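Overview (structure and organization)
Single-letter residue listing:
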Amino acid sequence: TFIEAHARTLLGEEGPMAGSIEGREDVFGLTMDYVTRSPWYVIGGVGLGPNLAFGTFEGKQGQEVRQPHDDYLEVFARTGLIGFTLFIWMLLACLVPIARKARSGTGLEENLCAWILAAATVYLGVAGAQPLLSFPYGSVPLFFLLGLGVAVALPPRSRNEVRALAGPPRYSPERLNS
C-alpha cells in the first residue's frame, strides 16, 4: 500500500521519496561540513546569506531551494550554538509550563494545554523534516499556540505580576473621570 511503501523507505529500501531521504542526509553532511569549517561559524553561525541546500534541491517551478528542510539544522547553521541554544531554550520555556499544566488535572485549562502540547509536538516534529518554521504558515500558528498555552499555564500570581509591570490601563473609567 501507499503507506507501507513510504514507511519502507525509512528503513533504507527503494520506493517513493527514497531520494528525498538520501538527499536530506547529503545536505545534512554538507551543512555540517560548512559550519564546522570555522569555530566562529560553530559559535555564531554562518548568517542568513549562504545557500544551505548547496544546489541539491530544486522547487517545482525550477527555483533554487536554499534550506536544508530541517529547521533545527538551519537554526544551528545560521545562528550557531548561541542562537540554537536560545532557540531551544525559548521552546522549552514555553513547552515546560504547558506540559506541567496539562498534567496537573482534568479541567478546561488542563485539557486546553494538553491539546496545545499535542499540536506543538506535531509542529516541532514536522519542523525536523520540512522548512515549517521558516515560513509564516508554520511559525505563526505554532507560536500563537505556544503563547496561548503559556498564558493559560501561568499561575494567577504570575499574571498579576505581569499586569503590575504593565501599569494601569490607559483608558480605564477611573482615569477618564478624574
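Note that this is a predicted model, so its numbers are computed, not measured. (Residues numbered from 1 in each chain as written. Predicted model: local features only at pLDDT ≥ 70, side-chain atom pairs only at ≥ 80, totals over all residues. Heavy atoms only, no water.)

Before going further, it helps to spend a moment on a nonpolar patch on the surface. A grouping of Trp40, Ile43, Ile82 and Leu86 is seen on the molecular surface, where their side chains present a nonpolar patch of about 470 Å² in accessible area. Contributions of two or more residues to the nonpolar patch are made by α3 (39-44) and α4 (71-103). For Ile82, the location among the structural elements is in helix α4. (Patch = residues over 30% accessible without salt bridge, like charges linked within 9 Å, V, L, I, M, F, W, Y side chains within 5 Å. Areas by Shrake-Rupley, 256 points an atom, 1.4 Å probe, with all protein chains shown as cover. Salt bridge = Lys/Arg side-chain N within 4 Å of Asp/Glu carboxyl O. Helix = DSSP H or I, 4+ residues; strand = E, 2+ residues; numbered from the N terminus.)

On to the packing of α4 against helix α5 (residues 108-126). One can describe the packing of α4 onto α5 by two numbers: an axis separation of 9 Å at closest approach and a directional angle of 160°. In terms of their interaxial angle, α4 and α5 are classed as roughly antiparallel. α5 is crossed by α4, and the crossing has left-handed handedness. For the pair α4 and α5, contact is made by Tyr72, Leu91, Leu95, Ile98, Ala99, Lys101 and Ala102 and by Glu109, Glu110, Cys113, Ala114, Ile116, Leu117, Ala120 and Leu124, respectively. Counted by class, the contact of α4 with α5 contains twelve nonpolar, no polar and three charged residues. (Axes fitted to C-alpha atoms, helices over the stretch in contact; angles between N-to-C directions. Parallel < 35°, antiparallel > 145°, perpendicular 65-115°, else oblique. Left-handed = near helix turned anticlockwise from the far one by under 90°. Contact = heavy atoms within 4.5 Å. Nonpolar A, V, L, I, M, F, W, Y, C, P; charged D, E, K, R; others polar.)

What follows covers the layout of surface pockets. The gaps left among the atoms become clear once a water-sized probe is rolled over them. As a volume, the second largest pocket reaches approximately 160 Å³. In terms of lining residues, the second largest pocket is bounded by Leu48, Asp71, Glu74, Val75, Arg78, Thr79, Phe87, Leu133, Ser134, Ser139 and Phe143. Among the elements of the structure, α4 and α6 (136-153) are those that each provide at least two residues to the lining of the second largest pocket. (1 Å grid on protein atoms, 1.4 Å probe; cavity = no way out; pocket = protein on both sides within 12 Å on 5 of 7 lines; lining within 4 Å. Points joined across faces, edges and corners; volume = space filled by probe spheres on them.)

Here we come to the packing of α4 against α6. Axis separation between α4 and α6 bottoms out at 9 Å; the angle between their running directions is 50°. With respect to α6, the axis of α4 lies oblique. At the point where α4 passes α6, the crossing takes the left-handed sense. Contact residues: α4 offers Met90, Leu91, Cys94, Leu95, Pro97, Ile98 and Lys101, while α6 offers Phe143, Leu146, Gly149, Val150, Val152 and Ala153.

What follows concerns α4. With 33 residues, α4 should reach 48 Å at 1.5 Å per residue; the first-to-last C-alpha distance of 28 Å falls well below that figure. Capping the start of α4, Asp70 holds a side-chain oxygen 3.1 Å from the backbone nitrogen of Tyr72, two or three residues further along. (Expected span 1.5 Å × (residues − 1). Polar contact = N/O pair within 3.5 Å; in protein donor to acceptor, adjacent residues only side chain to side chain.)

Its location among the elements puts Val122 in helix α5. According to the relative accessible area criterion, Val122 is exposed, its value standing at 55%. (Buried < 20%, exposed > 50% of the residue type's maximum accessible area, 1.4 Å probe, protein only.)

This part covers the pattern of salt bridges. One pass over the structure, following the stated rule, counts three salt bridges. Two residues, Lys101 and Glu109, come together in a salt bridge whose shortest N-O distance is 3.2 Å. Assessed through its relative accessible area of 18%, Lys101 is described here as buried. Between Glu110 and Lys101 there is a salt bridge; the shortest N-O distance is 4.0 Å. Lys101 carries the same exposure label as Glu110, and that label is buried.

Attention shifts here to the nonpolar core. Formed by 17 residues in total, the largest nonpolar core has its most connected members in Cys113, Leu124, Leu133, Leu142 and Leu146. With residues near it in sequence (within four places) discarded, Leu124 still touches Tyr72, Leu91, Leu95, Leu133 and Leu142. Counting six residues, the second largest nonpolar core, distinct from the first, contains Tyr34, Val35, Leu52 and Phe76. (Core = buried A, V, L, I, M, F, W, Y, C linked by side-chain atoms within 4.5 Å.)

Bringing the environment of Leu133 into the picture now. Along the polypeptide, Leu133 turns up in the loop between α5 and α6. Judged by relative accessible area, which is 16%, Leu133 ranks as buried. Contacts of Leu133, omitting those with residues within four sequence positions, involve Asp71, Phe87, Leu124, Ala127, Gly138, Ser139 and Leu142.

The subject of this paragraph is the packing of aromatic side chains. One pass over the full model with this rule turns up four aromatic pairs. Each ring, one from Tyr72 and one from Phe87, has its centre 6.4 Å from the other, and the planes form 55°; the classification is tilted. (Phe/Tyr/Trp six-rings, centres within 6.5 Å; stacked < 30°, edge-to-face > 60°.)

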